[in-house]
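Read off the chains here:
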Amino acid sequence: MRYNTLGIQVTNTCNMACPHCITDSSPSARGDLDWDEIERAIRSAASHVDGICVTGGEPLLKRELTFGIIRLTRELGLRSSMVTNGYWSRTRQTAERIMGELDAAGLDKLAVSYDQFHDRLVSPVSLEQLVQAGAATSMELQIQYCGARQDTAYHTARDVADRYDIELTTAEVLPFGRGRDLVAAPVTNDVDAVPNEPCGVVTRPVLTPEGELFTCCGPARDADSTSPLRLPAASGTEVGDALGSGETSSILNVIHNHGPRSLLDQLSEETRARVTENLRDTSMCSLCRAITDDREAVAELNASLASEQYRHVALAAVLRQTQDTLTTDTER
Amino acid sequence: MRPDARPCQTPVTTSPAGTQWVLIPDSDEAAVVVVNDTGYRVLAQCDGTRSLREITETIAVGTNITENEVSTFLDHVHRCGLVTLTEHSTPCSQRSG
């Protein structure tokens, strides 16, 4: 399994406090990574990832760190990206100035979060100003929408994305972080309703302001201390080795190749029943956490998957090569 | 494998995975193989000009690896279609077929 992008969560602080925030970020949330740790982590990870993504919190509240990361990523020949709430796009002039600075620093891709929660601070006009300013640069733009697709914010995001021909990604609110209070508890723990698909985020590790390294940018942050979603890096210099250990993990490769549903088949009846009881909803992330937080489930999986470890590693590499080939063919 | 055999690695795409290397052959007739760092270094020597004995001498520096172990490994990857063999020194790039 080859990692795609290492997320550097520069800060927990955000000027918004969205009720669905998976990182529990808010104006009162504290915790920042310092530059020395960031630099060590990025240099250590460089041979294991294709790119670095600056996240938060809101990264532009830590302007020097954010621009430093973008420049270092460019210097190392990696692809740089950033996720922002776009609060800074209140006027056309400000949007153009900051977009120009990000472009000059070497940012390759900017993703803006916009949905019914973010539009309390970022108006449709601000979103359009941001996208319009970005369209004049060489940067790839993306709108990231989270939530139901019936509300006004979705239609605004869809409209802007269509008119400027940029990507709109959509995701459901997950029952993790503050989102736990938004998602209704399942009436039944119906594991058959969980999508039986490969996971697309297990190859996007993230380094948090607390110095913890997780193998996915999804809801792994409060995972059990022995969870395979946690990668063992005591300091920035160990990030590369920690990523390397994850690349050959059977459990992570199966999640990447087939998805968490396929792990269920490897479990004993008793463990499978317990895991199913712990589902928070019928999302893949919920099932993944229910399995990987269960120490007996992890032990059973490590035992049953051991003999197939290299088959899973090989399959992940073949899938990656096929994906790369398809991407190259599409770009031609 | 004879000590004077000169293995030649067939074209592959190499993908690192932790301390392992995944070798994905360009040809549909060869198998995908996962090798460790030593295996990777052995295959990197298989350029069609070096004999099994010469490859072993190079790889053995600083290790306990024997000619027999290298031979067993190359026999395996040969069966997987990842190396071809000849008794004459010809760079892989100049070989036909």
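All values derive from a computational prediction rather than experimental measurement. (Residues numbered from 1 in each chain as written. Chains lettered and ligands numbered in written order. Predicted model: local features only at pLDDT ≥ 70, side-chain atom pairs only at ≥ 80, totals over all residues. Heavy atoms only, no water.)

### Overview of the domain arrangement of chain A
How large an interface is tends to be reported as the accessible area lost when its parts come together.
Residues and elements named next belong to chain A.
Then, number 1: Domain assignment breaks chain A into domain 1 (5-245) and domain 2 (247-331).
Then, number 2: Look at where the C-alpha atoms of domain 1 and domain 2 centre, and you get two points 23 Å apart.
Then, number 3: The interface is formed by 38 residues belonging to domain 1 together with 33 residues belonging to domain 2.
Then, number 4: Surface buried jointly by domain 1 and domain 2 totals about 3000 Å² across both partners, of which 58% is contributed by carbon and sulfur atoms.
Then, number 5: With a closest N to O distance of 2.2 Å, D50 and R320 form a salt bridge.
Then, number 6: Where domain 1 packs against domain 2, one counts 17 residue pairs in polar contact (both at pLDDT 80 or more).
Then, number 7: For the side of domain 1 that touches domain 2, the element with the highest residue contribution is helix α6 (residues 239-247), accounting for 3 residues.
Then, number 8: Each residue belonging to the side of domain 1 that touches domain 2 can be placed in one class, and the counts come to 21 nonpolar, 10 polar and 7 charged. (Domains from an automatic or database assignment. Contact = heavy atoms within 4.5 Å. Buried area = accessible area lost by both parts, 1.4 Å probe. Salt bridge = Lys/Arg side-chain N within 4 Å of Asp/Glu carboxyl O. Polar contact = N/O pair within 3.5 Å; in protein donor to acceptor, adjacent residues only side chain to side chain. Helix = DSSP H or I, 4+ residues; strand = E, 2+ residues; numbered from the N terminus. Nonpolar A, V, L, I, M, F, W, Y, C, P; charged D, E, K, R; others polar.)

### Details of the sheet that holds strand β1 (residues 5-9) of chain A
By definition, the strands of a sheet pair up through backbone hydrogen bonds, in either a parallel or an antiparallel sense.
All names here are of chain A.
Then, number 1: Pairing is mixed in the open sheet, where 9 strands are placed in the order β6-β5-β4-β3-β2-β1-β7-β8-β9. Each having just a single partner strand, β6 (167-171) and β9 (230-231) make up the two edges of the open sheet.
Then, number 2: Looking at chain direction, strand β4 (residues 109-113) and strand β5 (residues 140-146) are connected through 5 bridges and run parallel. Considered in β5, the bridge of K109 is made with E140.
Then, number 3: The strands that helix α4 (residues 124-135) touches are β4 and β5; relative to β5, the one it contacts most, it runs at about 155 degrees.
Then, number 4: Packing against the sheet, helix α5 (residues 152-164) makes contact with β5 and β6, and its axis sits at approximately 165 degrees to β5. (Pairing = 2+ DSSP bridges. Axes fitted to C-alpha atoms, helices over the stretch in contact; angles between N-to-C directions.)

### What to know about the nonpolar core
Then, number 1: In terms of nonpolar packing, the biggest core is built from 84 residues, with A:I8, A:L110, A:I143 and A:L213 touching the most fellow members.
Then, number 2: Counting residues domain by domain, this core receives three or more from each of domain 1 (5-245) and domain 2 (247-331) of chain A.
Then, number 3: Among the nonpolar cores identified, the runner-up in size contains 16 residues, and B:L23, B:V42, B:V70 and B:V77 belong to it. (Core = buried A, V, L, I, M, F, W, Y, C linked by side-chain atoms within 4.5 Å. Buried < 20%, exposed > 50% of the residue type's maximum accessible area, 1.4 Å probe, protein only.)

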